[in-house]
Amino acid sequence: LEPLPIDVSVAEICAQVDRHRALILSAAPGAGKSTRVPPALTAAGPVILLQPRRVAARAVATRIAREQGWTIGREVGWQIRFEKRFSRDTRLLVVTEGILAARLQQDPLLSDFTTIVLDEFHERSVHADLGLALARQAWLARTDLRIVVMSATPDVGEVARFLDGAPLLTVPGAPHPLTVEYAPAQSIADAVRELVPRTQGHALCFLPGRREIERAQTELATWAASSGLE
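Residues numbered from 1 in each chain as written. Predicted model: local features only at pLDDT ≥ 70, side-chain atom pairs only at ≥ 80, totals over all residues. Heavy atoms only, no water.

**Student:** When you look at the overall build of the protein in this model, what are you seeing that I'm missing?
**Tutor:** Helix and strand counts for the protein come out as 8 helices and 8 strands. What you see for the protein is a C-alpha radius of gyration of 19 Å, in line with the 17 Å of a compact globule of 230 residues. Summarising its shape, the C-alpha atoms of the protein cover approximately 60 × 35 × 35 Å along the three principal directions. The 230 residues of the protein split such that 42% are buried. Partitioning the intrachain contacts of the protein with sequence separation of at least 6 by distance along the chain shows that 68% fall at a separation of at least 24. (Helix = DSSP H or I, 4+ residues; strand = E, 2+ residues; numbered from the N terminus. Rg over C-alpha atoms; globule rule 2.2 N^0.38 Å. Buried < 20%, exposed > 50% of the residue type's maximum accessible area, 1.4 Å probe, protein only. Contact = heavy atoms within 4.5 Å.)

Laid out in structure tokens, this is it:
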């Protein structure tokens, strides 16, 4: 596996969760918390992992499967609106906010899981807060249930207090040099075409929605094919 900043803390994270049944993890973006921590927690039993968005749920599950040598639908899977990819053998199930809330309402003890992981908690929403409230009720009722709340920001003191003083662990990320350039009215496709010759790394694009993503994919695929790029 490619080493990530979170790797040196995974053993401590698991030990803290074993000891306290709850943990608040603050780790910088890119530290690797979303893909390295949940698989490690499956050693104690099945894990349900909350990802706020459907695209992220699929992407995280796919990345975990690749890193762990697992199969989608077997060891790791996802459940999002109108789509299920899991089985009775699934040890790590990635779900969106509405799915987690629905499961907790149908089974208030969340009997099929040993650990609840709420990821990207800094993206606060009504669904995420409801999920945490229902998860806490299950956590108080079950002595074997654990909760891990993961955030990219350190402002999680209120969550720690809500979980009866759960310990807080902070993991720094790896710093990267950053250059800011402005190109008003330039499309994502044009920006990527301009950047590719100037870098040997990856280009990360933030777009407002699925339509814009698909348009950029089509434009870039056409350009890559005409340029002989993969």
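**Student:** What should I look at first to understand unusual backbone geometry in this one?
**Tutor:** The phi torsion of most residues other than glycine is negative, and most of the peptide bonds are trans. A positive phi angle, near 55 degrees, is found at Asp164, a position not held by glycine. Counting through the fold element by element, Asp164 comes out in the loop between helix 6 (157-162) and strand 8 (168-171).

**Student:** Looking at this model, I keep getting lost on the environment of Arg215. Mind explaining?
**Tutor:** Note on placement: Arg215 falls in helix 8 (residues 210-227). When the C-alpha positions of Arg215 and Ala189 are compared, they lie 8.9 Å apart, and in sequence the two are 26 residues distant.

**Student:** I tried to follow a nonpolar patch on the surface on my own but got confused; where do I start?
**Tutor:** A cluster of nonpolar residues, Leu178, Val180 and Tyr182, forms a patch on the protein surface that exposes about 440 Å² of accessible area. One can find Leu178 in the loop between strand 8 and helix 7 (188-195). (Patch = residues over 30% accessible without salt bridge, like charges linked within 9 Å, V, L, I, M, F, W, Y side chains within 5 Å. Areas by Shrake-Rupley, 256 points an atom, 1.4 Å probe, with all protein chains shown as cover. Salt bridge = Lys/Arg side-chain N within 4 Å of Asp/Glu carboxyl O.)

**Student:** Sorry if this is basic, but what is going on with the nonpolar core here?
**Tutor:** The nonpolar side chains of soluble globular proteins are, as a tendency, buried together. Ile6, Ile13, Leu25 and Leu41 are the most contacted members of the largest nonpolar core, which totals 30 residues. The element contributing the most residues to this core is helix 3 (residues 54-68), with 5 residues. Among all residues touching Ile13, those that are not within four sequence positions of it are Ile6, Leu23, Leu25, Val37 and Leu169. By size, the runner-up hydrophobic cluster in this structure holds 28 residues, among which are Ile24, Leu118, Trp139 and Ile147. (Core = buried A, V, L, I, M, F, W, Y, C linked by side-chain atoms within 4.5 Å.)

**Student:** In this structure, what is going on with the packing of aromatic side chains? I would like to understand it.
**Tutor:** What describes a pair of aromatic rings is the distance from one ring centre to the other and the angle between the planes of the rings. Under the counting rule described, the total for this entry stands at 0 aromatic pairs. The lysine or arginine in question, Arg136, covers the ring of Phe162, its NZ or CZ lying 4.8 Å from the ring centre. (Phe/Tyr/Trp six-rings, centres within 6.5 Å; stacked < 30°, edge-to-face > 60°. Lys NZ or Arg CZ within 6 Å of the ring centre and 35° of its normal.)

**Student:** Any chance you could explain the pattern of salt bridges here in plain terms?
**Tutor:** Pairing of side chains with opposite charge becomes possible as their charged atoms draw close. Per the stated rule, a full pass over the model turns up 11 salt bridges. Put simply, Asp144 and Arg142 hold a salt bridge, and the shortest N to O gap is 3.0 Å. We classify Arg142 as buried; its relative accessible area is 11%. For the salt bridge of Glu214 with Arg210, the shortest nitrogen-to-oxygen distance reads 3.0 Å. A residue pair is termed a helical-turn pair when its members lie 3 or 4 positions apart in one helix, as Glu214 and Arg210 do in helix 8 at 4 residues. Each of Asp7, Arg36, Arg63 and Glu67 takes part in a single network of salt bridges with overlapping partners.

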